[in-house]
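Per-entry structural report
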Amino acid sequence: MKINLLIMSVTSTYKRDYTKAFFLLVGMIIPFIGFSQKETADSIKVFFLGGQSNMVGRGLNEDLPESFNKPFSNVWIFTGNSTGGKSENGGAGKWEQLQPGHGAGFKSDGSTNSHSTKFGVELSFAQKLQKLYPNEKIALVKYACGGTSIDTMANRKSGYWEPDYSGKQGVNHYENFLKTINNAFDVSDINGDGNNDVLIPSGIIWMQGESDGNDEKVASRYYANLKRLMDLMRATFRNNDLPVVIGKISDSENDEDGKVWDYGELVQYAQEKYAKTERNAAIVRSTKFYTYSDPWHYDSNGYIDLGEKFAEAIFHLNKTDINR
C-alpha cells in the first residue's frame, strides 16, 4: 500500500481529531520508510529545509561563484512543489542531483523538475556539509512557500502551516510537508545506483516568521505555534530530539515607518526563546547583517552565507548530541 493512501485514509477518518490522526499516521508510515540500516543499502544523511520565501530563495543563479554553479557530486535534492493556491501537485517532486535552480520559480509535477533562475540556501548548505562530513552522501528535502504564516489569523492568501487549517484562503502547507516527505521517502533508490538507500533524518532547518510579524496578537503566539509545528515535524521523522536550527528573521527597514514587519521583535523573541529552551535546537543570527534585493528578501550573498551558517549550526548540534 502506498504511503499517500495511508495519509488520505487516516486524515479523512480522524479529521476532527488531529492528534489521534497524526500519531496513528506516524505509526503506519515508519515501517514503509525503513530508517534502519540494511547490509546492501546506501546510508545517506537527509536534512529538511522548510519555511517561507527566504527559504524558497531569491538568489540569482547568475551571481553564483563557479564552485556552486554546477551539479553537486554525492548530494541529492527533493524539492516538493509548492503553491499558495489550491493544487493537486502540492508536495510533488523528483529526486535529482543538486544543482542551481531550486529557488523561486522552481516547479515539479512529480515526473519532471522545471528549474528556475534562482537559488536558496541549499547550495552553500550542501557544500559546507560536504566539508564537515567528508566522504558522506547528503540528501536534502525542501518544501517552502513564500508569504506563508503558521497562524491562521495572519490573513495570508498564500496559506498556513497550522496543521489543523482547513479554510479556503490558501492551502494547508503542513499537509504539503507531509506529502513531500511521503513522496521523497517512498523512493527506495534516490541516486539511481541500483542499491536501496537508507535516509537518515539528521536535522530540520526552518526559515520563517516574517508573515507572522505583521499582527501583534499573531506575533505574540509565535512561540507556541513554532514549538507545536517543530514537535510535529520531529515526530514525522520519528525522533523527538532531532536537531532543529531556526533562522532568525530580520528587517530591511525599507518601509515608510522604518519597519517592514511591525511586530517582528515579538517573533524574534519567540525564536530566541525556542532556541534557548528547546533541547537540541539552535538559532542563526547572521541575518541581521545581510543586504536585501527588495524590502523582503536577502540578496544572493545573503543566501550563500545563510546556507553556510545553517550547515555549521546543524553539524554542531549533531556532534553535541552524539557526545551526550
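Residues numbered from 1 in each chain as written. Predicted model: local features only at pLDDT ≥ 70, side-chain atom pairs only at ≥ 80, totals over all residues. Heavy atoms only, no water.

What to know about the overall build of the protein
Applicable threshold: Numbering of helices and strands runs from the N terminus; a helix is a DSSP stretch of H or I covering at least four residues, while a strand is a stretch of E covering at least two. Relative accessibility decides the category of a residue: with a 1.4 Å probe and only protein chains considered, values under 20% of the type maximum give buried, values over 50% give exposed, and everything between is partly exposed. Pairs of residues are marked as contacts when any of their non-hydrogen atoms sit within 4.5 Å.
Each helix and strand counted, the protein has 9 helices and 11 strands in total. Residues counted as buried form 55% of the 324 residues belonging to the protein. Across the protein, contacts joining residues at least 24 apart in sequence account for 72% of those joining residues at least 6 apart.

Overview of the pattern of salt bridges
If charged atoms from side chains of opposite charge come close, those side chains can pair. As a reminder of what qualifies: A side-chain nitrogen of Lys or Arg and a carboxyl oxygen of Asp or Glu constitute a salt bridge if their distance falls within 4 Å.
All told, the structure shown has 14 salt bridges when counted by the stated rule. Ionic pairing is found between K137 and D42, a salt bridge with its closest N-O pair at 3.4 Å. Placement of the pair is K137 in strand β8 (residues 137-144) and D42 in strand β1 (residues 42-51), with a sequence separation of 95 residues. Judged by relative accessible area, D42 falls into the buried class, the value being 13%. Residue D305 is joined to K309 by a salt bridge in which the shortest nitrogen-to-oxygen separation is 2.8 Å. Of this pair, D305 and K309 are both found in helix α9 (residues 300-322), 4 residues apart, which corresponds to roughly one turn of the helix.

Remarks on the sheet that holds strand β11 (residues 281-284)
How we decide: If DSSP finds at least two bridges between two strands, the strands pair. Inter-axis angles, ranging from 0 to 180 degrees, are taken between N-to-C directions of lines fitted to C-alpha atoms, where helices are fitted over the stretch in contact.
Strand order in this open sheet of 7 strands is β4-β3-β8-β1-β9-β10-β11, and the pairing throughout is mixed. In this open sheet, the two strands that pair with only one neighbour each are β4 (96-97) and β11. The sheet contact formed by β1 and strand β9 (residues 197-207) spans 10 bridges and is parallel. By the bridge assignment, G50 is partnered in β9 with W206. In this fold helix α5 (residues 173-185) packs onto β1, β3 (75-79), β8 and β9, with an angle of close to 150° to the strand it touches most, β8. Across the sheet, helix α8 (residues 264-277) is in contact with β10 (244-247) and β11; its angle to β11 comes to roughly 140°.

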